[in-house]
Amino acid sequence: DGGAAINASFFGPSGMALDPNNGLLFISDRQNYRIRMMNMSSGIISTLTSNSANFLLAVCLDNQINLASYVPYQLGSLAFDPIRNFLFVSDVSIK
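Given the structure is predicted, the values throughout are model-derived calculations rather than measurements. (Residues numbered from 1 in each chain as written. Predicted model: local features only at pLDDT ≥ 70, side-chain atom pairs only at ≥ 80, totals over all residues. Heavy atoms only, no water.)

(A) Examining the sheet that holds strand 4 (residues 34-39) more closely. Spatial ordering of the open sheet is given by 1-5-4-3-2, a layout of 5 strands whose pairing is antiparallel. Here the strands that pair on one side only, and so sit at the sheet edges, are strand 1 (3-4) and strand 2 (13-19). Pairing of strand 1 with strand 5 (residues 44-47), which is carried by 2 bridges, proceeds in the antiparallel orientation. Of the residues in strand 5, the one forming a bridge with glycine 3 is isoleucine 45. (Pairing = 2+ DSSP bridges. Helix = DSSP H or I, 4+ residues; strand = E, 2+ residues; numbered from the N terminus.)

(B) A look at the nonpolar core. Counting residues in hydrophobic clusters, the biggest one holds 11 residues: Ala17, Leu24, Phe26, Ile35, Met37, Leu48, Leu75, Leu78, Phe80, Leu87 and Val89. If you list the elements that add at least two residues to this core, you get strand 3 (24-29), strand 4, strand 8 (75-81) and strand 9 (86-91). Here this core takes 3 residues from strand 8, the largest share from any one element. Ala5, Ile27, Met38 and Ile45 belong to the second largest nonpolar core, which has 5 residues in total. (Core = buried A, V, L, I, M, F, W, Y, C linked by side-chain atoms within 4.5 Å. Buried < 20%, exposed > 50% of the residue type's maximum accessible area, 1.4 Å probe, protein only.)

(C) A look at the environment of serine 9. Tracing the chain through its elements places serine 9 in the loop between strand 1 and strand 2. On a C-alpha basis, the gap between serine 9 and asparagine 32 in space is 9.7 Å, while along the polypeptide they are 23 residues apart. Look past the residues within four positions of serine 9 in its chain and what remains in contact with it is Asp29, Asn32 and Arg36. (Contact = heavy atoms within 4.5 Å.)

Structural data, given as structure tokens:
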């Protein structure tokens, strides 16, 4: 973390979302159980945590949106709402 994105390793990337306001690209790294955040200007990549960014993390469960203080265990698709500054994360472990 904190290095050049070109040197980053992923294991099962399953989704991407762009924050056009801040130039950030989010990548769900499913088999590593984390969300990676790349700064498009600097090319630096880091691991997203609930207190590492200035937006709200919203987890989509059974068509319900819940604000979360965690990154889901089984990451799926990602989507970013630039108006509300939400990163939506689907949790594919919920059946």
